[in-house]
Every structure is written in C-alpha cells, then in structure tokens.
Amino acid sequence: MTTDQRYMQRCLSLASKALGYTYPNPLVGSVIVHQGKIIGEGWHTKAGESHAEVNAIASVKDSSLLKESVLYVNLEPCAHFGKTPPCADLIIEKEIPKVVIGCMDIFSKVAGKGIERLQKAGCEVVVGVLENECRALNARFFTFHSKRRPYIILKWAQTRNGLIAPLHQEQQAPVWISNEFSQQLTHLWRAEEGAILVGRTTVERDNPSLTVRHWVGKNPLRLVIEGEHSLLDTFNVFQGEPTVVFSSKQSPNTEHVSYETLSSDLSMPNQVCNYLYDRQIQSLIVEGGAQVLQQFISEGLWDEARIFVGKSQFSEGIKAPLLHEPWESVHNVEGDYLFIYKNPIQG
C-alpha cells in the first residue's frame, strides 16, 4: 500500500464512524499531513453540521503549517452553499497547496465543480486514490443519485435445511433461527439504514417492532406491505414510531400510520423504491417474509443480501428465497453463519 493509500484508508475509517447519522449527506473523512505526519483529522458526524474538511482543518493546532500540507479526503470537496459553506473555498482560503481525493462526487451540485475550483485557485489535485473503496463506502449515496432509488439490503435467517419459518406457528411471536449475537447485529444494521420493510404475514406471525431495541441508534422508517388485508392497529409495528402501510385499499391516515395505495400498473418493489426516493431516503433493509423478499429478487431490485444460517432445523416449513449469485463472503457469528451476497447487476 502506498503512502497516499494509507492516508486515504484513514479517511475511510474516520468516515465510517458516522454510518447512519449523515443522511442525506455522504460519509466523509479527512486527514491533513505535514511532512509525513498527520497534524489534523476529522469526519462529517451529522447532517447539518460541519463537513469533514472543516473539522480536520479546525483540529490543526498550528494553522501556519496548512500552507505546507496535503489534505486527504475520500470524496470531492463540495463547491456549493448548503447548510454549510463550500469546503473547496475553505481549502483555498487556508492556502493548502495539495488535495488528494478518493473519488468524485456525482451529486449534481458538486460533480467536478469542487475539483475545478481548487485547480483554478492553483491547488494541486490528485483524484482516484482507493477509488473503488471510496465508492463502496458511499454505495447508498451513489446508488440513490445514480439509480434514483434507495440502496437495498435483503436480510433473512434460514435453517440448515433452507427454511425461513415453520409451517405452523403456535403463538404470535418470532421463532428465532439465529442466535442472540446475530439478532444484535441485525439491530445495528437497522440503525444504519433509512427504512425497513416487511410483509403482512411477518406482522401477523411474528408481531415485530422493527426498532433498534438491542442497539443504540435511530430507528428506521417502518414500511409494511399489507395487500388487500386489513391489519389490526394493535400490532407492535403500529405503536410509537411512524409506519407507512402499502395497501391496495385506500385508508385514512392515523397519528402514527400513513397509507400509500398500491397500483396494479407497477410492481410493489418499484412502488416502494419510488416512494422512498421521493422522500429522500437513501437505503432500505427488507427483512421478510419470503414472498416479499422474492419479489425484490425477481425484479433485480437489491444490492446486497445478508443471510444468517442458524443451527435450527424444521421438519417442514416455508422455503427461504432463492439467490442464484455466489456468495461473496461468509462469517461465523458465534455459531451462526452469515453469508454476504452482492448483486452484480443491480436493478
């Protein structure tokens, strides 16, 4: 790994600290190096607050060194006024002579304008250091702006014999296939994403809350596919936090629940994606059930799948969705196996 790559890797590590907190902004980290030594670093911690470059510059104790330093940042510095001033202007003001950028920003208000502004001011600009890694970190941001839909993660747990749920369920509560560590990891993932989706059968069988009870973080927006059936308002998913129900029947909104009418002219996954795009929500985690998951798979509307394979086995039950792509990686979670898939051709 080259020196530039090591510093860019540090930018990525800093940026990742804020996953789940910067929406609709991307994840950005920055370091400032003077004669081979990091003298400042920072990251964008929350939407509306200072950007990574601003925090990195502010952390430098001796500002006179900035004129002899290199600023590293994983995403092109902004060149427009949003809730904060342009980072490119601050870099120019501080006379930082060189900027190393991981990847360009495709957001229309930036899209090369930050690089152009720096170059016109006489700053040396290097672009493309660990570019793939930098784009992967902000996959949600890039997918949202390039494909005009949220980044979609499919998640489920299945038994060793490929079943997602027992055929019959005695009580209205989850039948756990994965262990408590896998369940805690699931709640971490919920805190990182903008919305979470389940179908009617999952609500009726498991009565989930779809919150981050076992982790610290923000609850995702809850989405339920109801179809033609009417779910009782006593289910956990309708309590406390806002919930959006997609139904073929028109219904009046309530305090915590709003209704979206499903059309027969467009597939359910596409309608959900359009709704989330209109609401500027950049990511969605789909947790079930099998039919809902399979619809997203059939439409090609998924970017990543996270599948737990637990030690449990059912003699008979509902078959897990089918993915035809090879898994990318597998991890042992205290006895459960977590398989990670990536969609090579996203919808």
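This write-up is about the structure you can find in this document. Being a predicted model, the structure only gives us computed values, none of them experimental. (Residues numbered from 1 in each chain as written. Predicted model: local features only at pLDDT ≥ 70, side-chain atom pairs only at ≥ 80, totals over all residues. Heavy atoms only, no water.)

Overview of the side chain of asparagine 138
Rules: Only DSSP runs of H or I reaching four residues or more are called helices, and only runs of E reaching two or more are called strands; each is numbered from the N terminus. Between buried and exposed lies partly exposed: a residue is buried under 20% and exposed over 50% of the maximum accessible area for its type, with that area taken using a 1.4 Å probe on protein chains only. Should any heavy atoms of two residues lie within 4.5 Å, those residues are considered in contact.
The residue asparagine 138 is located in the loop between helix H5 (131-137) and helix H6 (139-147) in this model. Using a relative accessible area of 4% as the deciding quantity, one classes asparagine 138 as buried. Beyond its immediate sequence surroundings of up to four residues, asparagine 138 is in contact with Pro26, Leu27 and Asn74.

Describing the pattern of salt bridges
Condition: Between Lys or Arg on one side and Asp or Glu on the other, a salt bridge is scored when a side-chain nitrogen of the former is within 4 Å of a carboxyl oxygen of the latter.
The tally for this structure, following the rule as stated, stands at 11 salt bridges. The shortest N-O distance in the salt bridge between arginine 10 and glutamate 41 comes to 2.7 Å. Note that arginine 10 is positioned in helix H1 (residues 3-16) and glutamate 41 in strand E2 (residues 37-43), a separation of 31 residues in sequence. Glutamate 41 gets classed as partly exposed once you look at its relative accessible area, which sits at 28%. Its salt-bridge partner being arginine 140, residue glutamate 193 comes within 2.8 Å of it at the nearest N-O pair. Separated by 53 residues along the polypeptide, glutamate 193 in the loop between helix H7 (180-192) and strand E8 (195-199) and arginine 140 in helix H6 bring together distant segments of the chain.

Here we look at the packing of helix H9 (residues 268-278) against helix H10 (residues 290-299)
Quick note on the threshold: Convention adopted: a line fitted to C-alpha atoms gives each axis, helices being fitted over their contacting stretch, and angles between N-to-C directions are expressed from 0 to 180 degrees. Angle categories are assigned with fixed cut-offs, so that under 35 degrees is roughly parallel, over 145 is roughly antiparallel, 65 to 115 is roughly perpendicular, and the rest are oblique. Polar here means any residue outside two lists: the nonpolar Ala, Val, Leu, Ile, Met, Phe, Trp, Tyr, Cys and Pro, and the charged Asp, Glu, Lys and Arg; Gly therefore counts as polar.
Following both chains from N to C, one finds H9 and H10 inclined at 85 degrees, their axes separated by 8 Å at the closest point. On the basis of their axis angle, the class for H9 and H10 is roughly perpendicular. Residues Met268, Pro269 and Asn270 of H9 form the contact with H10, whose own contacting residues are Val292, Gln295, Phe296 and Glu299. Per-class residue counts for the contact of H9 with H10 are 4 nonpolar, 2 polar and 1 charged.

Focus: the side chain of aspartate 336
Which entries qualify depends on this criterion: When charges are counted, Lys and Arg are positive and Asp and Glu negative, with His and the chain ends excluded. Any pair of nitrogen or oxygen atoms within 3.5 Å is treated as a polar contact; in protein, a donor-acceptor pairing is required on top of that, and neighbouring residues in sequence qualify only through side-chain atoms on both sides.
Along the polypeptide, aspartate 336 turns up in strand E16 (residues 336-342). Summary of buried charges: aspartate 336 has no salt-bridge partner, and the nearest side chain of opposite charge, arginine 160, is 6.2 Å away. In this structure the side chain of aspartate 336 is engaged in a polar contact, spanning 2.6 Å, whose partner is the backbone nitrogen of asparagine 179. A polar contact of 2.7 Å, which involves the side chain of aspartate 336, links it to the side chain of serine 182. Aside from chain neighbours lying at most four places away, what touches aspartate 336 is Ile177, Ser178, Asn179, Ser182, Val309, Gly310, Lys311 and His331.

Focus: unusual backbone geometry
Note that the residue after tyrosine 23, namely proline 24, is joined by a cis bond; omega there is 5 degrees. Mapped onto the elements of the fold, proline 24 is located in the loop between H1 and strand E1 (29-34). Residue glycine 289 follows glycine 288 across a cis peptide bond; omega there is 0 degrees. Among the structural elements, glycine 289 can be located in the loop between strand E12 (283-288) and H10. Even without glycine at this site, arginine 148 takes up a positive phi of about 55 degrees. Looking at where arginine 148 falls in the secondary structure, it is placed in the loop between H6 and strand E6 (151-158).

Quick notes on the sheet that holds strand E5 (residues 124-127)
As a reminder of what qualifies: Any two strands are treated as partners once DSSP identifies two or more bridges connecting them.
One open sheet accounts for 5 strands, arranged E2-E1-E3-E4-E5; its pairing is mixed. The open sheet is flanked by E2 and E5, the only strands paired with a single partner. Put simply, the sheet's adjacent strands are angled 20 degrees from each other on average, direction ignored. Where strand E3 (residues 70-75) meets strand E4 (residues 98-103), 5 bridges bridge the pair, whose relative direction is parallel. Along E4, the bridge assignment pairs tyrosine 72 with valine 100. Sheet strands touched by helix H4 (residues 113-120): E4 and E5. Its angle to E5, the strand with the most contacts, is close to 150 degrees.

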